[in-house]
Every structure is written in structure tokens, then in C-alpha cells.
Amino acid sequence: MTAAWMTPLGVAYMGVFLLSGLACFAAVPRVRTFDDAELRYGLIGLLVTSGLWAVLKAVFFVVPDPLREPIYTIGLVFGFATVWAWLYFASAYSGRRLHMNRRLRQLSVGVVLAVVTIKLTNPIHELYFTTAEATTPFQHLAINHGVIHWASTGLAYVLAAVGLFMIFELFVASEYSTRALTGFTALLGLPVMLDIVAVAIPELIDFIYAPLGVAAFAIGAVFLFGEQLLTVQTTAQTGAATVVLDRNGQIREFSADARRAFPELEGAVGEKLDSVLPAVAATRDGDGGIVERNNETDRQSTYYFASFRSVPVGDSALTVLALADVTENERQRRRLVQRERELAQRNELYRAVMAASFAFIFRIDLDMKFSFVSPTVESFLGYTPAELTGEPISILASDQETFNEASRYIKDVTQGNSLEMRDHPVATRSGRTVYVDMRMVPIYEPSVELADRTPEDIVGLQVMVRDASERRQREGLISVINRVLRHNVRNKMTVIGGRAELLAAALEGDAKSNADAIVQASQQLLNLTESAQHIEANRELSPTLETIDLAPIITESVGQLEKQYPNVTVTAEIPETALAETLPRIETALWELLENAAVHTGAEPTVDVTVSSTDQQIRIAISDDGPGFPEDERQVLAEGKEEPLVHGQSLGLYLTYWIITTLEGEIDVPKSQSGTTVEIRLPAASSS
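Counting restarts for each chain: residues are numbered from 1 in the order of the written sequence. Reporting of local features is limited, given that this is a predicted model, to residues whose pLDDT is at least 70; pairs of side-chain atoms are given and counted only at 80 or more, and all residues count toward the totals for whole chains, interfaces and linings. Hydrogens and water molecules were not included; the side-chain quantities draw on all heavy atoms of the structure.

Comments concerning the overall build of the chain
Looking only at helices and strands, the chain features 23 helices and 19 strands. For each residue, the accessible area found with a 1.4 Å probe, counting protein chains only, is set against the maximum for its type, and the residue is called buried under 20%, exposed over 50%, and partly exposed in between. The proportion of buried residues among the 688 residues of the chain is 43%. Throughout, a contact is declared for two residues whenever any of their heavy atoms are within 4.5 Å. Considering only intrachain contacts with a sequence separation of at least 6, the fraction spanning at least 24 residues in the chain is 61%. Computed by Shrake-Rupley with a 1.4 Å probe, the accessible areas treat only the displayed protein chains as cover when residues are assessed. With an accessible surface of roughly 36,700 Å², the chain has 56% of that area assigned to carbon and sulfur atoms. Secondary structure elements are defined from DSSP: runs of H or I of at least 4 residues count as helices, runs of E of at least 2 residues count as strands, and each element is numbered from the N terminus.

Right, dumping it as C-alpha cells:
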């Protein structure tokens, strides 16, 4: 009998299996350069187990007879182990986590131990395989596989097919041309055909040829296509358009998504990325970055995040450029940045306006506690914002009465009103009382539309505080001067007027005329003090308007004018009612204008009064046939213009202007060739 190693066919068998095993071992150092640890472990496990299996098959033909069956059995153990190493590799390579699943790993260990136990105990039960000496095609120990062998082999093939499915699915997802890589991967299944053919052809021994497929995969996929193997894995797992670059920055290949997003890539293989996509290449110096692409179709920009990942393979290295479409996120980010910029500008404007207009600002929640206080409070009251935030408003109350007053105002604002407080006393940290003017407005829940807001939607109050100290001092000084001057002037002018009247009665001729002039001048000065008194009396009155019927007020004023100036003809057109939003002090302004018309009318004194109304306004026109207003007095009445020298009549006109404009009214003095007409327009009362 001729031994296997003495025949060409036997040497071929041993050589093929030995070379297959050595090829697997030779691929291990190259695989150890892979960065992905899990991928590295799986592939090294596959190569080592398959290599040992192939070497043991070669040894099987040359060892003495007693060792052949144990060598074959040990080879079967390593052969079955290759299946699980392959599954580990396929799961890690495709980005799945099946190989890390604790239950699956425990199940796998159980199956391996069960099958290995059956294989190792085969000499006892011989259910896995039996042996017999064979001489065809050369002398060898023939293996007759049993049912259990084919069952475990079928399981191994099914599991191997699962691994192939995971890898092929990844190849498809990568959108790269992976025909060559797919072909070499398919070599793993080629030995199955040899196993089937060997049953029918005597020249081939029934010997399980799986190690040959693993070796082919190792040589082709690791040595010849290692770069593409890792590149496909990297690009498929990124889920982005990808471009593969060599170590010189030249484009090696690109995915279909990359070509669609960047048409410049078409025909650019071999060119440098810097020249093809300079904007993308510029992001490589950092940790990647956003690349903006202008879309000519809808004229909107598309944004990609460019990231570079090195893929080392042996002594060489590739770079995978991933271009992830981040358009929606980037547009949202830019909208937020723009919104933040606008808010920052508004806040700065708001801060500047508040700083220029108010001493400080604070917010109050519905529990009457401070929820926010502006930093300027410290220079004014001595408290820091942190010391006031969360504290009740009573901390600033100078006494119980002022606290109760503030509480009433706050309660009114929580009903949806905006209110103002003047000269409200506030206690500083040192215990000193200062006076402030405050404007309080409600703060609504922002999510509620403006038209739908009700008091139930109010979440707090905002209060703008202005230091009233200087105004109080100024107004106090003015008030004192006004009272002193008015008192002294009235007393002295009363004496002067009385004495002048006595002189006028006792004198004749020019002396009497001079005495009469003194009486007239003293009366004008007394009128001036009366006007000043009216201005001060009306200065502090509340601006809150109320519904008032002007018809009886005007009728009474016209009657008084006829009695006081009987030589003046007065005509009046007054409706039965004329409801306006105003205040009773409007009567003072109307009388000033009526009296002015009566005093300055023409040779045949006439005064006409007309009252008309619309849905928005009540119009009052007072006309006379006199010489008309001097320009300076017309400006006082129409514009409130103050001149350095104001005579008594102009002060009365200024009082009129002051009253009407503070009652949200309008006053107009049209220019005319003769006579004077003064028009007053007041807001009409609401019909609701």
C-alpha cells in the first residue's frame, strides 16, 4: 500500500490544507493592526481556529495510525469553533451587538460544549463517525460520518449563512462597489460544494473542506482587500455619504450618496480632495466642521458635517471622509443663534432704556414675593438682587399703611389693569424712607395668545420704579414759591388797587387817568395769581377719565358769560347730551376760552358756541369777531409753547392747554383773516 505522502494526490491534499492553515496564521499580524478591538478579536479567532483545523487535517495524513482518529477529532473541535468565531466577527463587522449579548453567549457556550462532548466521546458511542482503512485514491483512514455529524454540520452551515447574511447586508448598505469583496467572502461557502461532490466522486475523499474556504477568505479579504473591508465597515456604519482618501489625500472611491450630494466627485478618482472639494478639505485641520452647499433649485442651503476617520491597515492607512446631512439641525441651530442674537439685542436695548428711565425694575409673583430684581436696586435701596429675590414685598414697606396701599394696587393689576403710583414711600436697607413713582403692568402666560388672555392667565407683575426725590424737591420748591408769591402779590396788589381807586375818585384829568391805569394793572396782576392758582390746583389731579355730559356744563358757562358780559351777544348750538370721556376740570378750560372770546371780541361783540359729536369725538368750537390771536398767544394755546415773558392772559391760555391735553383732548386755533375760532376735541364716551 502506498502512503498518502508518497503519492502526488496525497501530497496535494496535505499541501493544500497545510498552506491553508499557514495562510490563516500569516493573516493574524495584519489583522492585529485593525483599530476595532471587537472586529480584531473575531477575525483573529476565526483565523486561528481555522488555521489549526487545516494544519491538523494535513497532519492527519502523516501521523501513525493510533493518533489519526484523535487528531481528526481535535480538528473537528476547532472546526466547530470556527463557526462561533465567524459569527462573532460577522456581528462585530456589521455593527450588531449580538456577540455581546449575554444570553446568546451563554447559549453558544452550551451548544459548543454539547457538540464537543459528543465529538470527544465518539470512540465510546461511535455515533458521530466511524473509521475504516481505504486505499482509494491513496492509503488513508477513511471517515464515515454519522447522523449526529451531519446534524451538527447542518447547524454549522446555517450559522455560517447567518454570518454571511449580516456581512452581505452591510455590503449593500455601503453603496460601494463590493463585487470583488463579495466574491472572496462567498469563497467561505465553496467548500460545501466539495463536501457534496466528494460523496459521489471516489477520487475525492469525504474529508470536510471548510478550512480551504476560510483560508481563501483570509488571503483575499485581508491581504488583497483589507483596506476595502475596513472602509466598507466604516462607511456603512456612519450612515452618511462617504469618500475614501489615501494617505496623500487623493480620492480612492466614494459612495453613491456622496456623488449625489457633491456632483464634483464624478470622475474625480485619483485627484486630491483639496482641488475637488476645497471647502470640505478645509475642515480636515480641525475636528471636522459644517460645509454649506447652495441649492440652486430652492435657493436654500444644505449643510453637511464633515468628519475624517483614519483606517490603518498594516503599514498603510486610509481616511474615510463621512459627510452627514445635518441640514435640519443646522438650520434649527442657526435660527436659534439668530433668535438669541435678536434677544440679546432686545435685552440690551431693554436694559439701556430701563437704566435710563428707571431707578430699578422688579417682578412680583402672585404670592406677592419678588421673583426678579434688577441690579440697579443696590445703588438705590442698598439691597442686592439676591437679598430681595424670594422675599415678600413687605420688606420695602415703610409702614403698614403704605403696604396696604401697595397691596390694593397689586390686586387691581392682577385683574388685568395697568396702574401708576406717585410719591410712594419705600424703606431702604438702612431704614431711610425714599419716595418713588411706580408703573405696574400684568405679566401673562406667554403661551396664551394676546386676544385670548384673561386675568386667569396672569402669572405675575412687572414694576418699573423711578426715583421721585428730585421731582418732589423741585415741585415742593415751586409750590412754596408759588404760594408765597401769590399770597404776597395778592395782598400787596389788593392794597395798591384799593388806594388807586380812592385816588381815582378824588382826582380829575390826567391824574385820574393815571390812577385808573394803576387800578387796571393791579387787577391784571390779581388775575395772573388766579391763573397760577388754577394751574397748581390741576397739576396733581388723576388722569383717569370718566364719562361726563358736557351739554349742561357748557349751557351753564354760556349763561354765566351773558350775565358777566351783558354787552356781548352769545349764540349757542348745544345738543341735549354730549357725553365725553373727560373730568370736571374741563369746565375751567372752557370758561377761560369763553371769557377770552368775550373780552377780545369786535366792535359789535359776538361769541358763537357750537357743540357737535361723532362716534369718536366731541367737538366744541368757540368763535368771536375780534382782531384774532397774536401769534405768540396762538402758539401758547395750540402748542403749549412757553415764552420767557408770559403776561397774565397767556398764563390763562397755558392753563387751558394744560387741562385739555392732560385729558387726552386736542386744541386747535386755525389762522384766519378776521376773528378767532378755537376748536376743542375730546374723546367721546364709549357706547358699551
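Some remarks on the nonpolar core
Residue types Ala, Val, Leu, Ile, Met, Phe, Trp, Tyr and Cys, when buried and joined through side-chain atoms within 4.5 Å, form a set referred to as a nonpolar core. Core analysis: the largest hydrophobic core is formed by 38 residues, its most contacted members being Leu-550, Ile-554, Ile-586, Ile-618, Ile-620 and Ile-680. Those elements that place two or more of their residues in this core are helix H20 (550-564), helix H21 (586-599), strand E16 (606-613), strand E17 (617-624), helix H23 (648-662) and strand E19 (676-683). The element that contributes the greatest number of residues to this core is H21, accounting for eight residues. Those residues in contact with Ile-618 that lie beyond four places of it in its chain are Leu-550, Ala-578, Leu-579, Ala-580, Val-611, Ser-612, Ser-613, Ile-680, Arg-681, Leu-682 and Ala-684. One finds Phe-360, Ile-364, Phe-380 and Leu-461 within the second-largest nonpolar core, a separate group that totals 25 residues.

Observations concerning the packing of aromatic side chains
Remark: the centre distance and the inter-plane angle together describe each pair of aromatic rings, the angle taken between the planes. Classification of ring pairs rests on two measures: the distance between centres of Phe, Tyr or Trp rings, Trp counted by its six-membered ring, which must be within 6.5 Å, and the angle between planes, read as stacked under 30 degrees, edge-to-face over 60 and tilted in between. A full pass over the atoms with the stated rule returns nine aromatic pairs. Both rings, one in Phe-60 and one in Phe-61, keep their centres 5.6 Å apart while their planes meet at 75°; by these two values the pair is edge-to-face. Accessibility expressed as a relative area gives 2% for Phe-60, which makes it buried. Between Phe-362 and Phe-370, the aromatic rings sit 5.0 Å apart at their centres with planes inclined by 85°, giving edge-to-face as the arrangement. By way of ring pairs, the aromatic residues Tyr-13, Phe-60, Phe-61 and Tyr-72 are connected into one cluster. Between the NZ or CZ atom of Arg-363 and the centre of the ring of Phe-372, over which it lies, the distance is 4.7 Å. Sitting over a ring, as applied to charges here, requires NZ of Lys or CZ of Arg to be within 6 Å of the ring centre and within 35 degrees of the ring normal.

Describing H20
Along its 15 residues, H20 runs 21 Å from first to last C-alpha, staying within 8% of the 21 Å computed at 1.5 Å per residue. Taken residue by residue, H20 has Leu-550, Ala-551, Ile-553, Ile-554, Ser-557, Val-558 and Leu-561 as its buried positions. All buried residues of H20 project into a common sector of 165° when viewed along the axis, lining one side. Exposed and facing more than 90 degrees away from the buried side of H20 are Glu-556 and Lys-563. Any pair of N or O atoms that falls within 3.5 Å is considered a polar contact. Within protein, one atom must be able to donate a hydrogen and the other to accept it, and sequence-neighbouring residues count only if both atoms are side-chain atoms. The opening residue of H20, the one whose side-chain oxygen lies 3.1 Å from the backbone nitrogen of Ala-551, is Asp-549. Given the number of residues in a helix, its expected span is that number minus one, multiplied by 1.5 Å. This arc corresponds to the set of directions leading from the helix axis out to the C-beta atoms.

Description of the packing of helix H2 (residues 37-60) against helix H3 (residues 65-93)
One way to put it is that H2 packs onto H3 with a least axis distance of 7 Å and a crossing angle of 160°. Judged by the angle between their axes, H2 and H3 are roughly antiparallel. You can see that H2 and H3 cross each other, and the crossing is left-handed. As a rule, the C-alpha atoms of each element are fitted with a line to give its axis, helices using only the stretch in contact, and angles between N-to-C directions run from 0 to 180 degrees. Roughly parallel here means an angle under 35 degrees, roughly antiparallel means over 145, roughly perpendicular means 65 to 115, and every remaining angle is called oblique. Here a crossing is called left-handed whenever its near helix is offset anticlockwise from the far helix by less than a right angle, and right-handed whenever the offset is clockwise.

Observations concerning a negative patch on the surface
Together, Glu-573, Glu-604, Asp-608 and Asp-625 give the surface a local cluster of negative charge. By the element assignment, Glu-604 lies in the loop between H21 and E16. Residue classification places Glu-604 among the exposed residues on the basis of a relative accessible area of 65%. Patch building starts from residues that exceed 30% relative accessible area and form no salt bridge, then joins like charges within 9 Å and nonpolar side chains (Val, Leu, Ile, Met, Phe, Trp, Tyr) within 5 Å. Take a side-chain nitrogen of Lys or Arg and a carboxyl oxygen of Asp or Glu: if they are within 4 Å of each other, that pair is a salt bridge. The convention is simple: Lys and Arg are positive, Asp and Glu are negative, and His and the chain ends are not counted. Lys charges are placed at NZ, Arg charges at CZ, Asp charges at CG and Glu charges at CD.

Some details on the packing of H20 against H21
Where H20 contacts H21, the axes come no closer than 10 Å and their chain directions differ by 35°. The interaxial crossing formed by H20 with H21 has right-handed handedness. Side by side, H20 and H21 meet where Leu-550, Ile-553, Ile-554, Ser-557, Val-558, Gln-560, Leu-561 and Gln-564 of the first sit next to Ile-586, Glu-587, Leu-590, Trp-591, Leu-594, Glu-595 and Ala-598 of the second. Gly is put with the polar residues, along with every residue not named as nonpolar or charged; the nonpolar set is Ala, Val, Leu, Ile, Met, Phe, Trp, Tyr, Cys and Pro, and the charged set is Asp, Glu, Lys and Arg. The residue inventory of the contact of H20 with H21, partitioned by class, reads 10 nonpolar, three polar and two charged.

Re the environment of Leu-43
Note on placement: Leu-43 falls in helix H2. Remark: the alpha-carbon pair of Leu-43 and Arg-32, spanning 11 residues in sequence, is separated by 9.2 Å.

Here we look at the sheet that holds strand E11 (residues 433-444)
The five strands lie next to each other as E9-E8-E12-E11-E10, forming an open sheet whose pairing is antiparallel. Every other strand in the sheet has two partners, leaving strand E9 (370-373) and strand E10 (419-427) as the edge strands with one partner each. Mean inter-strand twist for the sheet, computed between neighbouring axes without regard to direction, equals 30°. Paired strands are those between which DSSP finds at least two bridges. Pairing of strand E8 (residues 360-365) with strand E12 (residues 458-467), which is carried by six bridges, proceeds in the antiparallel orientation. Residue Ile-361 lies in a different strand from E12, and its bridge partner there is Met-464.

Let's talk about the pattern of salt bridges
Within the structure shown, the criterion is met by 11 salt bridges. Among the ionic pairs, Arg-439 bridges to Glu-420, the shortest N-O distance being 3.3 Å. Taken together, the positions of Arg-439 in strand E11 and Glu-420 in strand E10 put the pair 19 residues apart, joining distant regions of the chain. With relative accessibility at 35%, the residue Arg-439 sits in the partly exposed group. Three or more residues are tied together by salt bridges with common partners; here these are Arg-619, Glu-666, Glu-679 and Arg-681.

With respect to the sheet that holds strand E14 (residues 569-573)
The sheet built from five strands is open, its strands ordered E14-E16-E17-E19-E18 with mixed pairing. Looking along the sheet, the strands with just one partner apiece sit at the ends: E14 and strand E18 (666-668). Each neighbouring strand pair of the sheet contributes to a mean axis angle of 10°, computed without reference to strand direction. Sheet topology note: the E16/E17 ladder contains seven bridges and is antiparallel. When the bridges of E17 are listed, Ser-612 appears paired with Arg-619. The strands touched by H21 within the sheet are E16, E17, E18 and E19, with E17 carrying the most contacts at an inclination of about 25°.

Quick word on a nonpolar patch on the surface
Together, Leu-18, Leu-19 and Leu-22 give the surface a local cluster of nonpolar side chains, amounting to about 280 Å² of exposed area. Here Leu-22 shows up in helix H1 (residues 8-31).

Here we look at the confidence of the model for the chain
Residue-level confidence of the predictor is what pLDDT reports, using numbers from 0 through 100. Averaged over every residue, the pLDDT of the chain is 79; residues scoring 70 or more account for 78%. Note on residues 644-649: pLDDT is under 50 here. Beyond four places in sequence and across chains, it has eight contacts.

Concerning the pairing of E16
Bridge count between E14 and E16: five bridges; the pairing is parallel. What sits directly across from Thr-571, in E16, is Asp-608. Remark: three residues form the turn of the hairpin made by E16 and E17, two consecutive strands paired antiparallel.

Quick notes on the environment of Tyr-128
Here Tyr-128 lies in the loop between helix H5 (122-125) and strand E1 (129-134). Taking the C-alpha atoms as reference points, Tyr-128 and Ala-151, 23 residues apart in sequence, are found 9.6 Å from one another. In this structure, Tyr-128 is in contact with Leu-76, Ile-118, Lys-119, Asn-122, His-145, Gly-146, Ile-148, His-149 and Ser-152, ignoring residues within four places of it in sequence. There is a polar contact of 3.3 Å between the side chain of Tyr-128 and the side chain of Lys-119.

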